[in-house]
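The lines below spell out each chain.
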Protein chains: 2
Amino acid sequence: MTAAEPGDEDAGRDADRAAGKAGGSSRPGLNRRHLLLGGAATGLGALAAAGIQLTGGRPGSGRSAAEDAEHRAEAAGAGLDTTGANGTSVVPFYGVRQSGIETPAQAHAVFLALDLKPDLTAQRLAALLRLLTDDAAALTQGRPALADTEPELAVQPARLTVTFGFGPALVALAAPEKSPPWLKPLPAFGIDRLKAEYTGGDLLIQICADDPVAVAHARRMLLKDSRSFASLRWVQQGFLHAYGAGTAGATPRNLFGQKDGSGNPRVGSAEFERVVWGDSAVKPWLENGTSLVIRRIAMNLDTWDELDRRGREESVGRTLASGAPLTGTAEHDEPDFAARGPLGFPVIADSSHLRRARPEDARQRIFRRPYNYDDAPAAADGAPGGISNSGQIFVSYQADVDRQFVPIQQRLDQLDILNEWTVPVGSAVFAVPPGVFEGGFVGEQLFS
Amino acid sequence: MTAAEPGDEDAGRDADRAAGKAGGSSRPGLNRRHLLLGGAATGLGALAAAGIQLTGGRPGSGRSAAEDAEHRAEAAGAGLDTTGANGTSVVPFYGVRQSGIETPAQAHAVFLALDLKPDLTAQRLAALLRLLTDDAAALTQGRPALADTEPELAVQPARLTVTFGFGPALVALAAPEKSPPWLKPLPAFGIDRLKAEYTGGDLLIQICADDPVAVAHARRMLLKDSRSFASLRWVQQGFLHAYGAGTAGATPRNLFGQKDGSGNPRVGSAEFERVVWGDSAVKPWLENGTSLVIRRIAMNLDTWDELDRRGREESVGRTLASGAPLTGTAEHDEPDFAARGPLGFPVIADSSHLRRARPEDARQRIFRRPYNYDDAPAAADGAPGGISNSGQIFVSYQADVDRQFVPIQQRLDQLDILNEWTVPVGSAVFAVPPGVFEGGFVGEQLFS
């Protein structure tokens, strides 16, 4: 044991950061500890003084933003990580755009919605965003956050990404004149049964990684650092196939067994650029930014089970095994909505999810990046005897919510046979600011 | 699309199984579907008729039980899976002992506690156990369960194991005279703040895999098949480092940042045999069986954060970085409780967790296989403003709960400085029956 030096406690903490730390002023645990430890030598040691050996942490890539973007597009095109080692894989943090959108979906995600404290000033908001940016910049690269309390949990980021989204109240506090017209709650849909605990929020933090420990540690550090600025509104945790399970680059399946996301624009394509990043000329501060819609969709697996396989395929409009449209043989075949079966009925039913979700207007497209959830059934979630509390954390990115997302959802609201087995129970909309360069912070465009 | 054949619906279902299926008699969804689909051709197709292509499923290994045991011990000794591919890795199901105990801990676990329906007969209980055994035998080998509704989710087991434990009421129903004396709730401990929703249960199903989708699918199928026999009492979900993150064979860290399990007997050692499988002569039906204690330990990360690193190490009695006892340099060094520091105080404090948990009596040992949990903070879990609902799903195996587990826990209850930051909120004890051979079912020893 290296002896710890009293007084090292605050070494390396900058003033800004210390100001943001919660709970630093009262330390009841210390008194109890001194009593209970029976006099064993104690000291307030900084992490470095305690002799931590950090292995596996990597510095930033040092690449330019343009190189970053190119690298990300390449990695995305190639499927999952190319290094072969899960834990040490790193996704660049700095870049023209935030990571966690084009990044091939990691196995685990947690979505945290925070509410800003009522008396928060714009200046303090900027301090919060700087703090969280610094945390994310370190943690995503396998480095402990400043004053990280469990640094050993930080060294295997496993493609950790942290992506920030701004709710209406956050933008209103920082720069109300810069709020895009679509940054507001979605219109009420007839199928919605929204619960407050999964709806709204001022600041969204999307944390994704291929290791649940990396997600848990990042979540912990980011929430701790936000505690004196904001309160936690809701948490949603999701998963896909683990690293090395599923097939790299394949469309993931949801808990209905469907391939979900077959219609997504391909990352790196011109269409993807248009759908997600859009026309930056309109709202300059959102150049290389986008919007995020997150909806919690409860899936009633019990009634879904009453459908046989054929019924499921007709409901979706696709075969379950391959994900091909019922008029095709491969997942990415273009559906033929005009095709009729021997009895004269459409092969892809008019009420099928595929038919209803597919826009006539090519501008009405979105990029989906959903996760499954499978939580413990609570008493509140159904009658006693319920065995599941499962569904999808639907997440989509699009340049303009009103122009792209809302028309699709309106069509699904009017008629989509999948509505029989799914219920939206949460909904929120966020503006996703551009990426960050070293020395900057996420959302700085709102403060200049 | 292959045309589905009407009437295939029940093909391949045996009568036993059909009798056990819940909800088969009423199918309201079908009527709605016929109306809503607007007349698209429908049919009740068996899975095979729908043209499913299952890839990656593997037949059983065909090894003998003795070979299985040897193989498992080898695999356990070597650390994580040796095939290199996560999704397709298979742990044998059939064998003299149940898997999921010696199996190197997978990344994900869900623990399901069921309560038998009040009017369940011993005969129906045997039918339930046979049903669940058949499901587990298929799913763990990457094969869909019989009448699997999402067979595509079954093909990547990712070292899926399903381990069954029997609570007091289950053994009492089947063979009251065979109940081991330790199969009862643990004695009340002063530190306990047990909640009904994490305590007790008649049948435990432990599902572990390196892929959360494999866990979710197995959970779904096993709960569906148990629905007409039992109700779900509680669910606990946990995680460790993902496949390919963490270090193969290394002791996993908990969310306090500690290496947890350093004192475990090594799988395959004579000590492990004695600790876990014990002296089978005493209770013949539990030969190659053991006991499982599961306790949900809430960890107060917020007050733990008030401790500096040195204080944490003294509380535990080990260094955080390496997990070495404070008197040693490597994780598995034997602690020297007699060692004193320069001021004459013990280097490893008497109140430290290491000192309190380490038995003087070598027979008081257990094998721990814990998981972390990190759930959404509920309003009920603390005052508004809480940011975590985290802790450990403590799981231990030992041949005799009263002789091995209880004395350790009593010492920790009397004095363990970690009690300052941890609260047991759930507790249950189960008898773990021996493994199963093809054609048998788990717990069959109780019915003969």
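Not measured: the values here are computed from a predicted model. (Residues numbered from 1 in each chain as written. Chains lettered and ligands numbered in written order. Predicted model: local features only at pLDDT ≥ 70, side-chain atom pairs only at ≥ 80, totals over all residues. Heavy atoms only, no water.)

1. Overview of the pairing of strand 8 (residues 389-398) of chain A
Residues and elements named next belong to chain A. Summarising burial for strand 8: 10 of the 10 residues are buried, a large majority. When strand 5 (residues 290-299) meets strand 8, the two strands line up antiparallel, connected through 8 bridges. Note on strand 8: the bridge partner recorded for valine 293 is serine 396. Bridge count between strand 6 (residues 367-368) and strand 8: 2 bridges; the pairing is antiparallel. Of the residues in strand 8, the one forming a bridge with phenylalanine 367 is tyrosine 397. Sheet analysis places strand 7 (residues 371-375) next to strand 8, joined by 5 bridges and oriented antiparallel. For tyrosine 371, the partnering residue across the bridge sits in strand 8 and is isoleucine 393. (Buried < 20%, exposed > 50% of the residue type's maximum accessible area, 1.4 Å probe, protein only. Helix = DSSP H or I, 4+ residues; strand = E, 2+ residues; numbered from the N terminus. Pairing = 2+ DSSP bridges.)

2. Some remarks on the pattern of salt bridges
All names here are of chain A. All told, the structure shown has 42 salt bridges over all chains when counted by the stated rule. For the salt bridge of arginine 310 with glutamate 314, the shortest nitrogen-to-oxygen distance reads 2.8 Å. In this pair, arginine 310 and glutamate 314 both sit in helix 9 (residues 309-316), 4 residues apart, roughly one turn of the helix. Residue classification places arginine 310 among the buried residues on the basis of a relative accessible area of 18%. (Salt bridge = Lys/Arg side-chain N within 4 Å of Asp/Glu carboxyl O.)

3. Side note on the packing of helix 4 (residues 122-139) of chain B against helix 6 (residues 212-226) of chain B
All names here are of chain B. Put simply, helix 4 and helix 6 touch, their axes get as near as 10 Å, and they point 160° apart. In terms of their interaxial angle, helix 4 and helix 6 are classed as roughly antiparallel. As for how helix 4 packs across helix 6, the hand of that crossing is right-handed. The residues of helix 6 that touch helix 4, namely those facing Leu128, Leu131, Leu132, Asp135, Ala136 and Leu139, are His217, Ala218, Met221, Leu222, Asp225 and Ser226. (Axes fitted to C-alpha atoms, helices over the stretch in contact; angles between N-to-C directions. Parallel < 35°, antiparallel > 145°, perpendicular 65-115°, else oblique. Left-handed = near helix turned anticlockwise from the far one by under 90°. Contact = heavy atoms within 4.5 Å.)

4. Focus: the packing of aromatic side chains
For the coordinates displayed, the defined rule picks out 14 aromatic pairs over all chains. Seen from their ring centres, phenylalanine 272 of chain A and phenylalanine 367 of chain A are 4.8 Å apart, and the 75° between their planes marks the pair as edge-to-face. Here the residue phenylalanine 272 of chain A occupies a position in helix 7 (residues 270-277), and phenylalanine 367 of chain A occupies one in strand 6, the gap between them amounting to 95 residues. As far as the burial class goes, phenylalanine 272 of chain A and phenylalanine 367 of chain A line up, both buried. Plain terms: the ring middles of phenylalanine 441 of chain A and phenylalanine 447 of chain A are 5.9 Å apart, the flat faces sit at 50° to each other, and that makes the pair tilted. Judged by its relative accessible area of 8%, phenylalanine 441 of chain A falls in the buried class. Owing to a relative accessible area of 28%, phenylalanine 447 of chain A belongs among the partly exposed residues under this scheme. Against the face of tyrosine 198 of chain A rests arginine 296 of chain A, its NZ or CZ located 4.1 Å from the ring centre. Between the NZ or CZ atom of arginine 296 of chain B and the centre of the ring of tyrosine 373 of chain B, over which it lies, the distance is 3.6 Å. (Phe/Tyr/Trp six-rings, centres within 6.5 Å; stacked < 30°, edge-to-face > 60°. Lys NZ or Arg CZ within 6 Å of the ring centre and 35° of its normal.)

5. Brief notes about the environment of glycine 263 of chain B
Residues and elements named next belong to chain B. Tracing the backbone shows glycine 263 in the loop between strand 4 (230-239) and helix 7 (270-277). For the pair formed by glycine 263 and arginine 365, sequence separation is 102 residues and the distance between their alpha carbons is 9.2 Å. When near neighbours in sequence (up to four residues on either side) are disregarded, glycine 263 contacts Arg318, Arg358, Arg365 and Arg368.

6. Concerning the environment of alanine 169 of chain B
Residue and element names in this part refer to chain B. With respect to the helices, strands and loops of the structure, alanine 169 is situated in helix 5 (residues 168-174). By relative accessible area, which is 38% here, alanine 169 ends up partly exposed. Considering only alpha carbons, one finds alanine 169 and arginine 233, 64 residues apart in sequence, at a separation of 14 Å.

7. Here's the deal with helix 4 (residues 122-139) of chain A
With 18 residues, helix 4 of chain A should reach 26 Å at 1.5 Å per residue; the first-to-last C-alpha distance of 26 Å fits that figure. Of the residues making up helix 4 of chain A, those classed as buried are Leu125, Ala126, Leu128, Leu129, Leu131, Leu132, Thr133, Asp135, Ala136, Ala137, Ala138 and Leu139 of chain A. (Expected span 1.5 Å × (residues − 1).)

8. Digging into the confidence of the model for chain A
For any part of a model where pLDDT is low, the fine detail of the predicted coordinates should not be relied upon. Residues and elements named next belong to chain A. Per-residue pLDDT for chain A averages 81, and the proportion of residues at 70 or more is 78%. Considering only residues more than four positions removed or in separate chains, one finds that residues 1-84, a stretch of pLDDT under 50, has 133 contacts. Note on residues 380-384: pLDDT under 50 across the span, and 3 contacts to partners over four residues away in sequence or across chains. Both scores are given for the predicted complex: the pTM is 0.82, the ipTM 0.81. (pLDDT = per-residue confidence, 0-100.)

9. Structural notes on the pairing of strand 3 (residues 203-209) of chain B
Residues and elements named next belong to chain B. The element strand 3 is extensively covered by neighbouring structure, given that 7 of its 7 residues are classed as buried. Because side chains alternate across strand 3, one face comprises the buried residues Leu203, Ile205, Ile207 and Ala209, and the other comprises Leu204, Gln206 and Cys208, equally buried. Bridge count between strand 1 (residues 108-116) and strand 3: 7 bridges; the pairing is antiparallel. When the bridges of strand 3 are listed, alanine 109 appears paired with cysteine 208. Pairing analysis gives 6 bridges linking strand 2 (residues 161-166) to strand 3, with the strands arranged antiparallel. When the bridges of strand 3 are listed, phenylalanine 164 appears paired with isoleucine 205.

10. Examining unusual backbone geometry
Residues and elements named next belong to chain A. At alanine 158, a position not held by glycine, the phi torsion is positive, near 50°. On the secondary structure map, alanine 158 appears in the loop between helix 4 and strand 2 (161-166). Classification of alanine 158 by relative accessible area gives buried; the value is 0%. Phi is positive for arginine 159, close to 60°, though the residue is something other than glycine. By the secondary structure assignment, arginine 159 is in the loop between helix 4 and strand 2. Residue arginine 159 is classed as buried on the basis of its relative accessible area, which comes to 4%.

11. A few points about the side chain of aspartate 115 of chain B
Residues and elements named next belong to chain B. Considering the arrangement of structural elements, one finds aspartate 115 in strand 1. Under the relative-accessibility criterion, aspartate 115 is labelled buried at 17%. For aspartate 115, the side chain forms a polar contact with the side chain of arginine 233, separated by 2.9 Å. (Polar contact = N/O pair within 3.5 Å; in protein donor to acceptor, adjacent residues only side chain to side chain.)

12. Some points on the environment of glycine 435 of chain B
Here glycine 435 of chain B lies in the segment after strand 9 (422-432). Here glycine 435 of chain B falls in the buried class, since its relative accessible area comes to 8%.

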